[in-house]
2 protein chains.
Amino acid sequence: MSLAAELSARLKRTADGLVCAVVVDHATAEVLMVAWMDDEALERTLTTRRGTYFSRSRKRLWVKGETSGHTQHVREVRIDCDGDTLLVRVDQTGPACHTETHSCFDGEERLLLADG
Amino acid sequence: MSLAAELSARLKRTADGLVCAVVVDHATAEVLMVAWMDDEALERTLTTRRGTYFSRSRKRLWVKGETSGHTQHVREVRIDCDGDTLLVRVDQTGPACHTETHSCFDGEERLLLADG
C-alpha cells in the first residue's frame, strides 16, 4: 500500500519517516490525542477511515481501539502549510486516552497554567 | 531560566530536547498550528503568557508574532498523559499561519479527505 505520489511529495517527514497527527473530536473540536503516522498509517487512515498510527515505542502500526475497542471513525483529514502535521477529525468511541479520560489532556494534574 | 524540577521530570523530550505543542484558539477550540518547545520556550511561555517556541530549522527560540505582529496571549497550558505533548490555548492576534490563513490547516488545497 503506498501513498499517491502527489501527496507523498507534500509530506515533510521526520528522520524516522513520520508526520505528527493531531486528532480532534469532530463534534466538539476538542483535541483528543496526538500520535504519529508513517506513509502506510496515513494511507490506511485515508482508505479505511479508521484512525491508524505508527507506534514509536513498539515500532509498528496500530489501529486505534484494536485492543481497547475505543475506535475512531475518521471524518476528515487535513495537512498543514508546511506538510509536517496532519489534522484528523474523528468520531471517537469511548475515551481516547489509555488512562480512560476522554482526551489525553483532561484532568487536574495535566493543567500547567490556568486560564488568565 | 529553568523549569521547575517537578515539571521537568514529567516531560518526555525528543532526542533534540523538544516537546510538541498543539496551539488552539481559546474562543473556538480550532487548532491553529503545531510547533515545538524546548525547556526554555516552555518556561517563557508559562511565565510571560506569550507563545514562545523553538524553531527546528533556525535552531533558536522565537516569540510568535515577533516579526509579523501576530502574537499569542496564552490562556492555558496542559500536558498530555505521557508528557510529550502540550496543549496551548491562546488568544490569537491576526492569522496564526505564515501564509496569512487563520489556521495552518485552512484552505481547499490542505484538505486530504473530505467529511464522510
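The preceding data block contains the structure.
Attention here is on the structure that accompanies the text. Here the structure is a predicted model, which is why all the values come from computation and not from measurement.

Broken down by element type, chain A carries two helices and seven strands. Helices and strands in chain A line up, N terminus first, as α-β-β-α-β-β-β-β-β. The dimensions of chain A, computed from C-alpha atoms along their principal axes, are 45 × 35 × 30 Å. Excluding contacts between residues fewer than 6 apart, the proportion of contacts in chain A whose partners are at least 24 apart in sequence is 42%. On chain A, roughly 5,400 Å² of surface is accessible, and the fraction owed to carbon and sulfur atoms is 49%. Mean positive and mean negative side-chain charge positions of chain A (15 and 19 charges, respectively) differ by 5 Å.

The next point concerns helix H2 (residues 39-48) of chain B. Think of an α-helix as 3.6 residues a turn; residues three or four steps apart then line up on the same face. Residues of H2 of chain B that are buried: Ala41, Leu42, Glu43, Thr45 and Leu46 of chain B. Once H2 of chain B ends, the next one or two residues include Arg49 of chain B, with phi positive near 60°.

Our next topic: the pairing of strand E6 (residues 85-92) of chain B. Two faces belong to every sheet, and in a regular strand the side chains alternate between them. Residue and element names in this part refer to chain B. By the criterion of burial, E6 is predominantly enclosed, with six of the eight residues buried. As defined by bridge partners, strand E1 (residues 19-25) adjoins E6 across six bridges and the pair is classed as parallel. Of the residues in E6, the one forming a bridge with Ala21 is Leu86. As paired strands, strand E5 (residues 72-79) and E6 are joined by seven bridges and run antiparallel to one another. Within the sheet, the bridge partner assigned to Arg78 lies in E6 and is Leu87. Connecting the antiparallel pair E5 and E6 is a turn made up of five residues, with Gly83 showing a positive phi of about 75°.

The tally for this structure, following the rule as stated, stands at three aromatic pairs over all chains. Their ring planes at 35° and their centres at 6.2 Å tell us that Trp36 of chain A and Trp36 of chain B sit as a pair that is tilted. With one member in each of two chains, Trp36 of chain A in strand E2 (residues 31-37) and Trp36 of chain B in strand E2 (residues 31-37) form a pair that bridges those chains. Pair check on accessibility: Trp36 of chain A and Trp36 of chain B agree, each one buried. Both rings, one in Tyr53 of chain A and one in Trp62 of chain A, keep their centres 5.3 Å apart while their planes meet at 45°; by these two values the pair is tilted. Residue Trp62 of chain A is classed as buried on the basis of its relative accessible area, which comes to 17%.

Rules used in this analysis
Sequence positions are assigned chain by chain, starting from 1 and proceeding in written order. Both sets of labels track the order of writing: A upward for chains, 1 upward for ligands. Owing to the predicted nature of the model, reporting of local features is limited to residues with pLDDT of at least 70; listing and counting of side-chain atom pairs is limited to 80 or more, with chain, interface and lining totals taken over all residues. Computation of side-chain values: all heavy atoms of the structure, hydrogens and water removed. Think of it this way: any DSSP run of H or I at least four residues long counts as a helix, any run of E at least two long counts as a strand, and we number them from the N terminus. Working rule for contacts: check all heavy atoms of both residues, and any pair within 4.5 Å makes them a contact. In short, Shrake-Rupley with a 1.4 Å probe defines the accessible areas, and a residue's cover is counted only from the protein chains shown. The positive count covers Lys and Arg only, the negative count covers Asp and Glu only, and His and the chain ends enter neither. Where a charge sits is defined by one atom per residue type, namely NZ (Lys), CZ (Arg), CG (Asp) or CD (Glu). The cut-offs for exposure are 20% and 50% of the maximum accessible area for each residue type, with area from a 1.4 Å probe on protein chains only; residues under the lower value are buried, those over the upper are exposed, and the others partly exposed. Being paired, for any two strands, means DSSP has found at least two bridges between them. A pair of Phe, Tyr and Trp rings is counted when the ring centres sit within 6.5 Å of each other, with Trp represented by its six-membered ring. The angle between the planes then sorts it: under 30 degrees is stacked, over 60 is edge-to-face, the rest tilted.

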